[in-house]
Amino acid sequence: MSSWIPLWLHKLGSPPTFYRFAGTLRPWAMLLALLLGAVALYGGLVLAPADYQQGDAYRIIFIHVPSAEMSMFIYAVMGVAAFIALVWRIKLAEVVAMESAPIGAAFTFITLITGSLWGKPMWGTWWTWDARLTSELVLLFLFLGVIGLYHAFEDRRQGARAAAFLAIIGIINVPIVHFSVNWWNTLHQGSTINIFGKSKMSWDMLWPLLTMMLATKFYYAASLFNRVRTDLLALEGGKDWVRQIAESEARS
Amino acid sequence: MNRPGLATACVAMLRRDLTLAWRRRGDIAMPVLYALIVTMLFPFALGPEDTLLQRIAGGVVLVTVLLAMLLALDAMFSSDIEDGSLEQLVLAPQPLALMLGMKILAHWLTTALPLIVIAPLLAAMLHLPGAVIPVLLLALLLATPLLSLLGAVLVALTAGTRRSGMLLALMLLPLCVPAMIFAAGAVAAAQQGLPWLAPIAWLGAAVVLAVVLAPLACAAALRIALDA
């Protein structure tokens, strides 16, 4: 087998290589995110038929469900990056984990807001102490805890390692929280989309949802690349490659 | 060189921490006073009706104990960091996790145990029926070690930072949700005359898990936080 894939991955772990790589990919990711997002919104808000029970109010799921999925997806990415950062002490993994946290917190916040907007006409209440809602709220606090711990240290790399450890504790705890709250009280409907087997949703509604999920992934990638590039410049301020970038920008 | 055995080291650690706590007896009384005052505020805020107070008594006592423990948690390692004895502990030949486990035990004995002792008084202040109080004590006996162990890991993470009080609350309280649900669930079930063994058993399982894992996690966290 060719050995260029591991070699390329190792190279990508070095800050200057990743800085260039992320800089090249970022505009494309952003473009795809905007394009797919616009298509999904048109499909969801205009083309998809109204629900026979909920009328037009259900259309908020085209924002709500992708955000909810992203909040968990980003936490998982953060957890994996945190694990890599702690085990192999790779600087880039620390930066990726720490810069994922604010984006994840934003998606979690959007999920909670859109959920409560939808809950008012449907359940008759802005907020209820249901298992999924409570777990999502706990997830938001976990994101905020990671951000807070990261900024509490004066040394950023040490703060990143401590916050990475907290992220891993959170990964162990989130299923426990979800299970215990589920045991306690539940109102939220079960999942409608099924990866294995038939989904309980008409294709007219499903495709905008899936497109929006893809769009949010690309948005996350673009936003993460931007943040990581900024953070790398700040962290590696004294290094030669940063000076070269600064000099070339000063010349142009 | 003749190295003292592991048991000797554990006993020495425990005795040192308990002696230190005993020399500053006033600090032990603080969480207890805090819990008493917070409990006293509830009837003022909600009105002195017996039925209402009875219904919320179990939950109020649990939350009050949790907050009182949170206040005391900050001091778990702070004096040892200031005088450098924590660094010596990290360098010591004995396993760090075991030594930290002893420190957590000492901390639990000096902060949680007094709170459990006055819990019947707190419950009586809110007119909790006498028959439920044993269940409340059992729930506290299992929930407080869980909080101490979980808290110790997070305190260790913030060991290298300065202002950590609010941050600790932000990190610890979401993780306490399961402990609170099961403890309150047991008390509520006992109050309604339902079987309460299942949530107590879950709490017990969580404590066993935490006793094994938390000292190890605490040691790892401390190494990260002190590695400057």
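Residues numbered from 1 in each chain as written. Chains lettered and ligands numbered in written order. Predicted model: local features only at pLDDT ≥ 70, side-chain atom pairs only at ≥ 80, totals over all residues.

Student: It is not clear to me how the overall build of chain B should be interpreted in this structure. Could you clarify?
Tutor: The number of helices and strands found in chain B is 10 helices and 0 strands. From first element to last, N terminus to C terminus, chain B shows the α and β order α-α-α-α-α-α-α-α-α-α. Along the longest, intermediate and shortest principal axes, the C-alpha atoms of chain B span 65 × 35 × 30 Å. Every one of the 228 residues in chain B was classed for burial, and the buried ones make up 43%. (Helix = DSSP H or I, 4+ residues; strand = E, 2+ residues; numbered from the N terminus. Buried ≥ 20, exposed ≤ 12 C-beta atoms within 10 Å, placed from the backbone.)

Student: Any chance you could explain the overall build of chain A here in plain terms?
Tutor: If you tally the helices and strands in chain A, you get 8 helices and 0 strands. The N-to-C order of helical and strand elements in chain A reads α-α-α-α-α-α-α-α. Once the C-alpha set of chain A is aligned to its principal axes, its extents read approximately 60 × 45 × 40 Å. Within chain A, counting contacts between residues at least 6 apart in sequence, those at least 24 apart form 76% of the total. (Contact = placed C-beta atoms within 7 Å.)

Student: Could you clarify how one ought to interpret the interface of chain B and chain A in this entry?
Tutor: When the parts of a complex come together, some accessible area is lost, and that lost area is often used as the size of the interface. Each partner contributes to the interface: chain B provides 23 residues, whereas chain A provides 22 residues. Going through the elements one at a time, α7 (133–157), α8 (165–175), α9 (177–191) and α10 (197–226) of chain B are the ones with two or more residues in the side of chain B that touches chain A. Class assignment for the residues of the side of chain B that touches chain A results in 17 nonpolar, 5 polar and 1 charged. (Nonpolar A, V, L, I, M, F, W, Y, C, P; charged D, E, K, R; others polar.)

Student: Can you help me understand the nonpolar core in this one?
Tutor: A general trend in soluble globular proteins is that nonpolar side chains are found buried together. A97(A), A139(B), L150(B), V153(B) and A156(B) are the most contacted members of the largest nonpolar core, which has 138 residues in total. The leading source of residues in this core is α7(B), at 16 residues. Contact partners of A97(A), with chain neighbours within four places excluded, come to M78(A), A81(A), A82(A), A85(A), A160(A), A164(A) and A167(A). (Core = buried A, V, L, I, M, F, W, Y, C linked by C-beta atoms within 7 Å.)

Student: What is the right way to read the environment of A189(B) from this model?
Tutor: All names here are of chain B. Its place among the elements puts A189 in helix α9. According to the C-beta neighbour criterion, A189 is partly exposed, with 18 such atoms within 10 Å. Separated by 140 residues in the primary sequence, A189 and E49 have C-alpha atoms spaced 22 Å apart. Those residues within four positions of A189 in sequence are excluded, and the remaining contacts are L194, P195, W196 and P199.

Student: Is there a simple way to think about helix α2 (residues 25–46) of chain B in this case?
Tutor: Given 3.6 residues to a turn, an α-helix orients residues that are three or four positions apart in the same direction. Residues and elements named next belong to chain B. Its 22 residues give α2 an end-to-end C-alpha distance of 34 Å, which sits within 8% of 32 Å, the value for a rise of 1.5 Å per residue. Residues of α2 that are buried include every one of P31, A35, T39 and F42, and no others. One or two residues past the end of α2 sits G47, with phi positive at roughly 95 degrees. (Expected span 1.5 Å × (residues − 1).)

Student: Would you mind showing me how to read unusual backbone geometry here?
Tutor: With the exception of glycine, most residues fall at negative phi, and the peptide bonds are largely trans. Here R89(A), not a glycine, exhibits a phi torsion of approximately 55 degrees, which is positive. The residue R89(A) is located in the loop between α3 (61–88) and α4 (91–123) in this model. A positive phi angle, near 60 degrees, is found at H127(B), a position not held by glycine. Mapped onto the elements of the fold, H127(B) is located in the loop between α6 (96–125) and α7. Residue H127(B) is classed as partly exposed on the basis of its 17 C-beta neighbours within 10 Å.

Student: Which parts of the structure should I look at to understand the confidence of the model for chain A?
Tutor: In low-pLDDT segments, the atomic positions of the prediction should not be examined closely. Mean pLDDT over chain A: 84, with 91% of residues reaching 70 or higher. When mean pLDDT is compared element by element in chain A, α3(A) scores highest at 91, while helix α1 (residues 4–12) of chain A scores lowest at 78. (pLDDT = per-residue confidence, 0-100.)

Student: So what exactly am I meant to see when it comes to the packing of helix α2 (residues 15–47) of chain A against helix α7 (residues 203–235) of chain A here?
Tutor: When two helices pack together, their arrangement is given by the angle between the helix axes and by the axis-to-axis distance. All names here are of chain A. Viewed as axis vectors pointing N to C, α2 and α7 meet at an angle of 155 degrees, and their least axial separation amounts to 6 Å. Taken together, the axis directions place α2 and α7 in an arrangement best described as roughly antiparallel. Here α2 and α7 pass one another in a crossing that is left-handed. The residue inventory of the contact of α2 with α7, partitioned by class, reads 24 nonpolar, 6 polar and 3 charged. (Axes fitted to C-alpha atoms, helices over the stretch in contact; angles between N-to-C directions. Parallel < 35°, antiparallel > 145°, perpendicular 65-115°, else oblique. Left-handed = near helix turned anticlockwise from the far one by under 90°.)

Student: Where do I start with the packing of α2(B) against α6(B) in this structure?
Tutor: All names here are of chain B. The geometry of α2 relative to α6 is characterised by a closest axis approach of 9 Å and an angle of 25 degrees between their N-to-C directions. Relative to α6, α2 is oriented roughly parallel. Relative to α6, the crossing made by α2 is right-handed. Counting all contacts with α2, which are made through I28, P31, V32, A35 and T39, the residues of α6 involved are T110, T111, P114, L115, I118, L122 and M125.

Student: Got a minute to help me understand the environment of M125(B) in this structure?
Tutor: Assignment of secondary structure puts M125(B) in helix α6. As a C-alpha pair, M125(B) and M40(B) span 85 residues in sequence and 7.8 Å in three-dimensional space.

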